[in-house]
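# Descriptive structure summary
Listed below are the residues making up each chain.
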Amino acid sequence: MTTTSVKPHARSDSTPAASAAGGKFYTPYSFWFYLPTALIYSVLFLVPTFASFYYSLTRWTLFDSKFIGLDNFVMFFQEPALIKGFTNTLIFAVVTSGSKVVLGLLLAVLLTSRIVGRGYLRSVVFFPVLVSTIGVGITFTVLMNPERGIINGALSVVGIDGPGWLTDPKWALLSIALVDVWKGVGLATLIYIAGIVSIPREYMEAARVDGAGAWESFRRIVLPLSRPATVTVIILSLIGGLRSFELIWAMTRGGPGFTSDVISSVIYKQYQAGFYGLSTAGNVILFLVVTAIVLPLNWFLNRKEVNL
């Protein structure tokens, strides 16, 4: 009786998709799962973005448009308040993002230590993030009233003559920046808390065994290993600062004069005046400015992180 040996057939990964993917099979069917996300992204971002670029080259109303080339951009850069708005935007973004990084880190270190009521204090710090920006602006406009505001009233009790927080050109933009920091530092703190609690406890215990104090542990362990959180806070805060509008408009509407105007408020004033094409060009300029600042900064910070 003869037996016939049957050799098992070797699987042949001869398809281009399989060979290109190192033996893993991909079918066109799997790419259909990307379609809903791609559709939403196109409708909510790509289409409005390309439409903005087109309409920035036109003089348009709700019913018709006329192509005028780069005239809107030329007119926008001739706007007297533009240079002041650019300067104020950069100052506002740097002050608010820097303050959120420093205060967020300090609060996170405090709220990850063993203190009484730690959970409650975390909620208190994060609560302003949940409050409406317009509501915060209106509330602080009342509190910062130079004559009847609670802040100047409290300062007068200790013999300090409070400034015109929102009426003095020297204080208006800084006052709004302080309110923005109060409202947004909770999110920075939350990001830092997540970064600090992810640090292995063995590092802290080893430092304690080696005799390192609180400052040495913070400087050599917490600060370097919190770098991803720092990068996130810097990028998010900087984008928010460059695009800031609601809080400034609710508190000063760019005043007194143009002293607290930012790019967004200049754009909105052009829209209110009926210069729709001009305001659209301003939005394109703002988009390009934010992109030109944030993308290189993000690349630089992440490159340094990888090198470390």
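Placed above this text is the structure.
## Structural notes on the nonpolar core
- Judged by nonpolar contacts, the single largest core of 21 residues is most densely connected at F76 and L242.
- Those elements that provide at least two residues to this core are α4 (71-77), α5 (80-111), α12 (227-242), α14 (263-272) and α15 (276-307).
- Per-element tally for this core: the top contributor is α15, with 8 residues.
- Counting 18 residues, the second largest nonpolar core, distinct from the first, contains A108, A188, I191 and I221.

## Focus on the environment of R118
- Mapped onto the fold, R118 is located in helix α6 (residues 118-130).
- When neighbours within four sequence positions are excluded, R118 is seen to be in contact with L111, T112 and S113.

## Quick notes on α12
- Along its 16 residues, α12 runs 22 Å from first to last C-alpha, staying within 8% of the 22 Å computed at 1.5 Å per residue.
- Considered for burial, the residues of α12 that qualify are A229, T230, V231, V233, I235, S237, L238, G241 and L242.

## Here's the deal with the environment of V125
- Looking at the element boundaries, V125 is found in helix α6.
- Between the C-alpha atoms of V125 and W182, which are 57 residues apart in sequence, the distance is 9.0 Å.
- Those residues in contact with V125, other than ones at most four positions away along the chain, are L107, L111, G186 and T189.

## Thoughts on the side chain of S264
- On the secondary structure map, S264 appears in helix α14.
- Excluding its chain neighbours within four sequence positions, the residues that come into contact with S264 are R243, S244, F245 and L286.

## Structural notes on the pattern of salt bridges
- Tallied over the entire structure, the rule returns 5 salt bridges.
- The partner of E216 in a salt bridge is R219, and the shortest N-O contact between them spans 3.3 Å. With E216 and R219 both in helix α11 (residues 214-225), this residue pair falls 3 residues apart, about one helical turn.
- In this structure, E216 engages R220 in a salt bridge whose closest nitrogen and oxygen atoms are separated by 2.8 Å.

## Things to note about the packing of aromatic side chains
- A full pass over the atoms with the stated rule returns 13 aromatic pairs.
- Geometrically, the ring pair formed by W249 and Y268 is edge-to-face, given 5.0 Å between the ring centres and 80° between the ring planes. Pair noted here: W249 is in helix α13 (residues 246-251) and Y268 is in helix α14, with a separation of 19 residues, a long-range link.
- The exposure class of Y268 is partly exposed, given its relative accessible area of 31%.
- With centroids separated by 6.5 Å and ring planes inclined at 25°, the aromatic side chains of Y268 and Y271 adopt a geometry described as stacked. With a gap of 3 residues between them, Y268 and Y271 both fall in helix α14, about one helical turn apart.

## Focus on a positive patch on the surface
- A cluster of basic side chains, namely R114, R118, R122, R201 and R208, defines a positive patch on the protein surface.
- Along the chain, the position of R122 falls in helix α6.
- Relative accessible area serves as the criterion here: at 30%, R122 is assigned to the partly exposed category.

## Examining unusual backbone geometry
- A cis amide bond links G255 with the next residue in sequence, P256, at an omega value of -5°.
- Backbone geometry at R253 places phi at a positive 55°, although glycine is not the residue there.
- Secondary-structure assignment places R253 in the loop between α13 and α14.

Criteria and thresholds
Residues numbered from 1 in each chain as written. Predicted model: local features only at pLDDT ≥ 70, side-chain atom pairs only at ≥ 80, totals over all residues. Heavy atoms only, no water. Core = buried A, V, L, I, M, F, W, Y, C linked by side-chain atoms within 4.5 Å. Buried < 20%, exposed > 50% of the residue type's maximum accessible area, 1.4 Å probe, protein only. Helix = DSSP H or I, 4+ residues; strand = E, 2+ residues; numbered from the N terminus. Contact = heavy atoms within 4.5 Å. Expected span 1.5 Å × (residues − 1). Salt bridge = Lys/Arg side-chain N within 4 Å of Asp/Glu carboxyl O. Phe/Tyr/Trp six-rings, centres within 6.5 Å; stacked < 30°, edge-to-face > 60°. Patch = residues over 30% accessible without salt bridge, like charges linked within 9 Å, V, L, I, M, F, W, Y side chains within 5 Å. Areas by Shrake-Rupley, 256 points an atom, 1.4 Å probe, with all protein chains shown as cover. Lys, Arg positive; Asp, Glu negative; His and termini not counted. Charge placed at Lys NZ, Arg CZ, Asp CG, Glu CD.

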